[in-house]
Amino acid sequence: MRFEGNPLSPSMVKEMVYCPVIAWLKARHLVQEPATDSMLAGRQASGGGGLYVRAGGFSAVLDEVREEGGGVVVVERKAFKARDAQRYLAQLVAGAYILSLKGVRVRRLVLEMGGVRRELEFTGELVEEAARYLGELERLASSDRPPQPTRPGRRCSSCWYRRFCPYTE
């Protein structure tokens, strides 16, 4: 089932990995956190622009796409390091996948976080992972019922979305 609302994006995949309730609130209720200092620093680190891509009901803004060896390298930049980079890797993989839906051959992925650089080949395994993430995001966004939070607790007390979260008391 295709989600018929606003286009779903890699940043929503990032939120879904962090907490699926946030992605659901963004998709179903169009709730959007105001830009924080960290978000503004991230925009500056990425150059503030990027390449806009739309394919298959998804949209993405990719920080950098450059040609390399008969294909492209997709780069995602974050201003600060994070203890757990999984959500940012999910965002990068989903963005590269959306670009590949346009017929572009993606060869490598680069995640730059606070001066640390991580490079990955864009393998069939990552393509499957991206398709799985985006399929899960579509199901989540199509549901009238909110998903369960992944790890409720400490992180919820400082979450901006808690005022809208159906699980916050």
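All of these numbers come straight from a predicted model, not from anything done at the bench.

A few words on the sheet that holds strand S3 (residues 64-68). Pairing is mixed in the open sheet, where four strands are placed in the order S3-S4-S5-S6. The outermost strands of the open sheet, each flanked by one partner alone, are S3 and strand S6 (116-121). Looking at each pair of strands side by side, their axes are set apart by 20 degrees on average, direction ignored. As defined by bridge partners, S3 adjoins strand S4 (residues 71-78) across five bridges and the pair is classed as antiparallel. When the bridges of S4 are listed, Glu64 appears paired with Val75. Packing against the sheet, helix H4 (residues 86-101) makes contact with S3, S4, strand S5 (106-113) and S6, and its axis sits at approximately 150 degrees to S5.

Trans is the prevailing form of peptide bonds, just as negative phi is the prevailing case for residues other than glycine. Even without being glycine, Leu30 reaches a positive phi, approximately 55 degrees. Position of Leu30 among the secondary structure elements: in the loop between helix H2 (20-29) and helix H3 (37-45). Note on Leu30: relative accessible area 56%, which makes it exposed.

Attention now moves to the pairing of strand S1 (residues 51-55). Of the strand pairs in this sheet, S1 and strand S2 (residues 58-62) are connected by five bridges, and their pairing is antiparallel. Pairing of Val53 across the sheet is with Ala60, part of S2. Here S1 folds back onto S2, and the loop between the two strands holds two residues, one of which, Gly56, carries a positive phi near 60 degrees.

What counts, and where the lines are drawn
Residues numbered from 1 in each chain as written. Predicted model: local features only at pLDDT ≥ 70, side-chain atom pairs only at ≥ 80, totals over all residues. Heavy atoms only, no water. Pairing = 2+ DSSP bridges. Helix = DSSP H or I, 4+ residues; strand = E, 2+ residues; numbered from the N terminus. Axes fitted to C-alpha atoms, helices over the stretch in contact; angles between N-to-C directions. Contact = heavy atoms within 4.5 Å. Buried < 20%, exposed > 50% of the residue type's maximum accessible area, 1.4 Å probe, protein only.

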